[in-house]
Amino acid sequence: MDPYAWSWNPEALAILGLAGGYGAGVRRFPAPRWRIACFAAAIVLLLAVAVTPTHTLAVHFLLTMHLLQNVVLAEWAPLLVVLGVPPALGAAIARPPVIRALTHPVVALPLWLVNYMVWHLPWIYDAALRNPNTLLHLEHAMYFLTGLAMWWCVFQDEPHRLGSGARAGYGFAAFVLGSPVGLVMALVPEPIYDFYVDAHHRVWGLDPLEDQQLAGILMAFEQAAVFFVVVAYWFFRFLSEEEGRGDVDRPPAPA
């Protein structure tokens, strides 16, 4: 098998359907250019991990590429999609009771964490890779959907409006609780995923343990970069709001 082959699969159709749905939504609820750019970037990332050689390398050769694929599906792309949704469209999307429930912070964060942890259990991870036309698509869909739920309350005001400090704390909690997956992979002394140990073809000169260690390091770095930016943004916004509130409450200087 050519490790650099492109792969057309049902996920690509779902991504194009998502793009079409967004286009219909912003015709009714106009969005500024920066939001459209965020959504477009999400579509590009999703297609990059679904149909380019990244997908072929991920599902047949390298754990490193598979974890990159997972980070894009569970964190980067959902974040950009949520940023791309204008507030009026977001309020309309969040109106159904099931969406209100799933995007509540005390539901969305545990759901995202449990989903992340479960799919990385060795026997489930290997099973998904051995069933690329069924279980693997379910895994990817669950990463993306729980990622949307997790990021929703960080950047959307409806249906659960959080203050800037709460958003910073929420993002920090997501990073702290989600980061052990990559760190464990980087530190364990032997490969934990039989699928990649048994792979008949090696690429890039990596043996299974080196592949796993590199995958864990890159996953931890990628998560740290994304969550640092998000937490820093909301933390400094919180400080700015507190400073502004202090200026309002401060009594005027005597004449």
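These notes cover the structure that comes with them.

Criteria and thresholds
Residues numbered from 1 in each chain as written. Predicted model: local features only at pLDDT ≥ 70, side-chain atom pairs only at ≥ 80, totals over all residues. Heavy atoms only, no water. Helix = DSSP H or I, 4+ residues; strand = E, 2+ residues; numbered from the N terminus. Buried < 20%, exposed > 50% of the residue type's maximum accessible area, 1.4 Å probe, protein only. Contact = heavy atoms within 4.5 Å. 1 Å grid on protein atoms, 1.4 Å probe; cavity = no way out; pocket = protein on both sides within 12 Å on 5 of 7 lines; lining within 4 Å. Points joined across faces, edges and corners; volume = space filled by probe spheres on them. Nonpolar A, V, L, I, M, F, W, Y, C, P; charged D, E, K, R; others polar. Core = buried A, V, L, I, M, F, W, Y, C linked by side-chain atoms within 4.5 Å. Phe/Tyr/Trp six-rings, centres within 6.5 Å; stacked < 30°, edge-to-face > 60°. Expected span 1.5 Å × (residues − 1). Arc of directions from axis to C-beta.

This next bit is on the overall build of the chain. Counting its regular elements, the chain contains 13 helices and zero strands. Starting at the N terminus and walking to the C terminus, you meet the elements of the chain as α-α-α-α-α-α-α-α-α-α-α-α-α. Here the C-alpha coordinates of the chain stretch approximately 80 × 45 × 30 Å along the principal axes. Within the chain, the fraction of its 255 residues that count as buried is 47%.

What follows deals with helix 3 (residues 53-60). Across the eight residues that make up helix 3, a large majority, seven, are buried. Here helix 3 has its buried residues at Pro53, Thr54, His55, Thr56, Leu57, Ala58 and Val59. Packed against the buried residues of helix 3 are helix 2 (33-50), helix 4 (63-84), helix 8 (122-130), helix 9 (135-155) and helix 12 (194-197).

Here the focus is the layout of surface pockets. Summary: where empty space remains is shown by rolling a probe the size of a single water molecule over the atoms. The volume enclosed by the largest pocket comes to roughly 690 Å³. Sorting the residues of the lining of the largest pocket by element identifies helix 1 (10-28), helix 2, helix 4, helix 5 (87-93), helix 6 (97-102) and helix 9 as the ones contributing at least two each. A total of nine residues in the lining of the largest pocket trace back to one element, the largest contributor, which is helix 9. Of the residues that constitute the lining of the largest pocket, the class distribution is 22 nonpolar, five polar and one charged. For the lining of the second largest pocket, the elements supplying multiple residues, two or more each, are helix 2, helix 4, helix 5, helix 10 (164-178) and helix 13 (208-249). When residues of the lining of the second largest pocket are assigned to their parent elements, the largest contribution, six residues, is made by helix 13. Looking at the lining of the second largest pocket residue by residue, the class counts come to 12 nonpolar, four polar and seven charged.

All right, on to the nonpolar core then. Nonpolar side chains in soluble globular proteins tend to be buried together. With 72 residues, the main nonpolar core has Trp112, Met150, Trp151 and Phe155 as its most contacted residues. Per-element accounting of this core gives the leading share, 13 residues, to helix 4. Every residue in contact with methionine 150, bar those within four places of it in the chain, is listed here: Ala108, Leu109, Trp112, Tyr170, Ala174 and Phe227.

Take the packing of aromatic side chains next. Per the counting criterion, the structure on display carries 12 aromatic pairs. The interplanar angle of 80° and the centroid separation of 4.9 Å between the aromatic rings of tyrosine 233 and tryptophan 234 together place this pair among those described as edge-to-face. Taking relative accessible area as the criterion, tyrosine 233 reaches 44% and is therefore assigned partly exposed. In textbook terms, an aromatic cluster arises when at least three aromatic residues are bridged by ring pairs, as seen for Trp112, Tyr116, Tyr143, Trp151, Phe155, Phe175, Phe227, Tyr233 and Trp234.

Quick look at helix 2 now. With 18 residues, helix 2 should reach 26 Å at 1.5 Å per residue; the first-to-last C-alpha distance of 26 Å fits that figure. Taken as a whole, helix 2 has its buried residues at Arg35, Cys38, Phe39, Ala42, Ile43, Leu46, Val49 and Ala50. On an axial view of helix 2, the arc spanned by its buried residues comes to 140°, and they lie on one face. Every exposed residue of helix 2 that faces more than 90 degrees away from the buried side is listed here: Arg33 and Val44. Lining the buried residues of helix 2 we find helix 1, helix 3, helix 4, helix 5 and helix 9.

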